[in-house]
Structure formats: C-alpha cells, structure tokens
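Inside the fold
The chain contents come next:
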Amino acid sequence: MELIITSYCRIKNNRIVVKGVEVTLPKQDVPSYFFADAYKHFEMNYPKFHKMDNLSKLGLIASDAALKGNDFLQRNKAETTAIIMANKASSLDTDRIHQQSINDKDHYLPSPATFVYTLPNIVIGEMAIKHKLTGENLFCICDAFDAQLLIDHTQITFDQETKSAICGWVDYDNGNADSLIYLVEIASDSIKNTNFIPLNAAALDQLYK
Amino acid sequence: MDALIEKLKGQIIEQLNLAEVKPADINPDAALFGDGLGLDSIDALELIVLLEKYYQIKIKNPADGKTIFESVRSMATFIQSQGKA
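Presented here is a report on the structure given in the accompanying data block. From a predicted model like this one, the values you see are computed outputs, not experimental measurements.

Quick look at the overall build of chain A now. Helix and strand content of chain A: nine helices and eight strands. A compact globule built from 209 residues should have a C-alpha radius of gyration of about 17 Å, and chain A, at 17 Å, falls within 12% of that. Taking the principal axes of the C-alpha coordinates as reference, chain A spans close to 65 × 35 × 30 Å. The buried share of chain A, taken over its 209 residues, is 52%. Summarising the internal contacts of chain A: among those between residues at least 6 apart in sequence, 68% fall at separations of at least 24. On chain A, roughly 10300 Å² of surface is accessible, and the fraction owed to carbon and sulfur atoms is 51%. Charged side chains of chain A number 20 positive and 26 negative; the gap between the two group centres comes to 5 Å.

Structure (structure tokens):
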C-alpha cells in the first residue's frame, strides 16, 4: 500500500505556508492576534475556536488550512479517517495558566474552560469534533519532530482499518507556534493525477525544515 | 436592573470568550443554553465562576443552577436577590 501526502500546512511562529505557498497575514507579535488573523483569513466560521487554548487554535488553523481547497473530507469516510499528532511541549503552555489560577489560596479561581485544555490530545478532539471524524487517534510526545515516529504510527493505523489520516506535529509553548499538519491517503490513479508527495521521512523532514 | 443586565452581558462575553458576540446580540430573556447563546456544560461552570469572581456569590444548591442560569435576566434577578448588585 503506497501512502501519499495530498496537502499540508506548515506554521512556524507568524509564518504560514500551505502546499508551498506562503499566506500573507499582517505581522503580529501577540500570538492571539496572529491566530485571530489566520481564523479570519481561512474563513473558519467556528465561534468555538475563540474558546480554545493556543495549542488547539494552532492545530485547528493548520488542519483547516491543509483541508481548504481540496475534497479530502468528501472522498474519505469519517470512521476510517485517523488523526495522528505529536509534539514536544505537551499542554504545558495551558498547564501553566491553570497553575497560576490555583497558586494563591486566597484567590482560588480556576477556570473550567482552561482546565479542560490541560491535556495535549484535546487538540485531536477539537479537530475530530469540527470535521466530525470518528476514526483512530493518537498523540505522541517526543523531544523533537520525529518524521519516522509519525510514519511508523501512521503505517500501523493504515494496516488496520484506516484509509486516510490527518497527521503531524503541533507544538505551542511560551508564544512559540510550530506546526506541520499533512493529509495522508492511499495512492490511487485519481489522486495521483493531482500534486502529491510520497510519505517518507525525507519528504516530511523537507516539509518541516 | 437594566444596568446590571448590561454589565452582566459584558462579563459573560469576557468570561466565556464569546469573541464574535456583542452585548446587543444577547437578548436578556433568551435561553443561555440550547437554542439561545448555545452555551455548553463548560460554559455553565464558567458562569458559576463568574458569579463568584465578580459578585462573591456561591451557589449552595446545585439544583438552583437551572433556574438561575436560564437567561441573563434570571441571573441578574438572582444577583439582586443576594443583595450583591
């Protein structure tokens, strides 16, 4: 079975590249403004976005950008579309915000809306809810972007019932956004007629670079 | 009461991060959950935090929540009944 990448989005801090084309957004030093600009640019029209933590916002923007302009969701079934993600910082960025809200016993006001994001795999849940995907999912935490680790886990799910997947690296910590999200499908004549990238470590490293 | 309702609308928008909602969009008599603002269970918890944070009110009986959080007006009525407005 030959697996191919049919679309991708790379986000590194304020820079967004979708399928090799840079998206021009106003320069923003504040991450929340950058996310708000990207939300508008990709016409996401999903009010729940504004309630999410930065890791989930990053994942939603990158996955929406990768999905925009192709019919990946139409040609693949929800129940056989997996989501496989990895990062380094887990949910530490949000964990710290939660920690700050419970440090002072005299002003003990933890926010439930913050607390629910103190797990990294919530970003997978947000993607699954938005796109109504019900396939396998996995979130790995590792020291650095590891193309082979992502490929290995992707292969394992495709060896089972998975027929398509949204995969990648989604990392956010201390204002630094770092994400590469790509769509994986089984090569077929119809898909191969469009621009595609073979799924291998060298190709992923090149996209992440 | 009207001033409290307007203040409450702003606090709800801020506490719940309703970035695309303006105070004028909120009908004080519309349901907060379900068809109205479409809030979810986490938002319900945030409203409890809001009452504690801005009005120092703790809801002692969780069963009262359904009535208190029916609408912005019912929240305002409850705040006034606690002498915190």
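Residue and element names in this part refer to chain A. One pass over the structure, following the stated rule, counts 12 salt bridges over all chains. As a salt-bridge pair, K68 and E43 come within 3.7 Å of each other at their nearest N and O atoms. Here K68, found in the loop between helix 2 (54–67) and helix 3 (72–75), pairs with E43, found in the loop between helix 1 (31–41) and helix 2; they are 25 residues apart in sequence, far enough to count as distant. D173 is the salt-bridge partner of R96, the closest N and O atoms lying 2.8 Å from each other. Taken together, the residues span a long stretch of sequence, with R96 in helix 4 (residues 92–103) and D173 in strand 6 (residues 164–173) at a distance of 77 residues.

Two quantities define a packed helix pair, namely the angle between the axes and the distance from one axis to the other. All names here are of chain B. The N-to-C vectors of helix 2 (residues 41–55) and helix 4 (residues 72–81) enclose an angle of 40 degrees; their axes lie 12 Å apart at closest approach. Relative to helix 4, the element helix 2 lies oblique. Both helix 2 and helix 4 take part in a crossing whose hand is right-handed. In this structure, helix 2 contributes L47, L50, L51 and Y55 to the contact, and helix 4 contributes M75, F78 and I79. Residues belonging to the contact of helix 2 with helix 4 are distributed by class as follows: seven nonpolar, no polar and no charged.

Right, let's talk about the packing of aromatic side chains for a bit. Residues and elements named next belong to chain A. Counted by the stated rule, this structure contains five aromatic pairs over all chains. Plain terms: the ring middles of F34 and F35 are 5.7 Å apart, the flat faces sit at 50 degrees to each other, and that makes the pair tilted. Residue F34 shares its accessibility class with F35, and that shared class is buried. Seen in terms of ring centroids, F35 and Y172 are 5.8 Å apart; in terms of plane orientation they differ by 50 degrees. Their pairing is tilted. In this pair, F35 sits in helix 1 while Y172 sits in strand 6, placing the two residues 137 residues apart along the sequence. Summarising the burial analysis for this pair, F35 and Y172 share the class buried. Chaining the aromatic ring pairs together yields one cluster made of F34, F35 and Y172.

Turning our attention to unusual backbone geometry. Unlike most non-glycine residues, N174 of chain A shows phi in positive territory, near 50 degrees. Using a relative accessible area of 57% as the deciding quantity, one classes N174 of chain A as exposed. One non-glycine residue, N17 of chain B, lies in positive phi territory at about 50 degrees. As for its placement among the helices and strands, N17 of chain B is situated in the loop between helix 1 (2–15) and helix 2.

Here we take up the interface of chain A and chain B. Interface size is often expressed as the accessible area that is lost when the parts come together. Taken together, the contacts link 11 residues of chain A with 13 residues of chain B. When the two sides are added together, the surface that chain A and chain B hide from each other amounts to roughly 960 Å², 62% of it contributed by carbon and sulfur. Counting the surface chain A buries against chain B, the share from its top three residues, K51, L109 and P112 of chain A, is 54%. There are one salt bridge connecting chain A and chain B. Of the charged contacts, one joins D43 of chain B and K51 of chain A as a salt bridge, the two residues approaching to 2.7 Å between their closest N and O atoms. Taken together, chain A and chain B are joined by three residue pairs in polar contact (both at pLDDT 80 or more). Here the side of chain A that touches chain B takes three residues from helix 5 (residues 112–115) of chain A, the largest share from any one element.

With that out of the way, let us pick up the side chain of K57 of chain A. All names here are of chain A. Structurally, K57 is set in helix 2. Here K57 sits buried without a salt bridge, and the closest side chain of opposite charge, D53, lies 8.2 Å off (N-O distance). With residues near it in sequence (within four places) discarded, K57 still touches F35, F49, H50 and M52.

What follows is about the nonpolar core. Soluble, globular proteins show a tendency: their nonpolar side chains are buried together. Residues and elements named next belong to chain A. Residues I16, F42, M85 and I166 are the most contacted members of the largest nonpolar core, which totals 39 residues. Contributions of two or more residues to this core are made by strand 1 (3–12), strand 2 (15–18), helix 1, helix 2, strand 4 (81–87), helix 6 (122–131), strand 6 and strand 7 (176–186). Per-element tally for this core: the top contributor is helix 2, with eight residues. Residues in contact with F42, not counting those within four places in the same chain, are I16, V18, V23, I61, A65 and K68. In this structure, I5, Y8, I84 and Y182 belong to the second largest nonpolar core, which totals 24 residues.

Cut-offs used in this document
Residues numbered from 1 in each chain as written. Chains lettered and ligands numbered in written order. Predicted model: local features only at pLDDT ≥ 70, side-chain atom pairs only at ≥ 80, totals over all residues. Heavy atoms only, no water. Helix = DSSP H or I, 4+ residues; strand = E, 2+ residues; numbered from the N terminus. Rg over C-alpha atoms; globule rule 2.2 N^0.38 Å. Buried < 20%, exposed > 50% of the residue type's maximum accessible area, 1.4 Å probe, protein only. Contact = heavy atoms within 4.5 Å. Areas by Shrake-Rupley, 256 points an atom, 1.4 Å probe, with all protein chains shown as cover. Lys, Arg positive; Asp, Glu negative; His and termini not counted. Charge placed at Lys NZ, Arg CZ, Asp CG, Glu CD. Salt bridge = Lys/Arg side-chain N within 4 Å of Asp/Glu carboxyl O. Axes fitted to C-alpha atoms, helices over the stretch in contact; angles between N-to-C directions. Parallel < 35°, antiparallel > 145°, perpendicular 65-115°, else oblique. Left-handed = near helix turned anticlockwise from the far one by under 90°. Nonpolar A, V, L, I, M, F, W, Y, C, P; charged D, E, K, R; others polar. Phe/Tyr/Trp six-rings, centres within 6.5 Å; stacked < 30°, edge-to-face > 60°. Buried area = accessible area lost by both parts, 1.4 Å probe. Polar contact = N/O pair within 3.5 Å; in protein donor to acceptor, adjacent residues only side chain to side chain. Core = buried A, V, L, I, M, F, W, Y, C linked by side-chain atoms within 4.5 Å.

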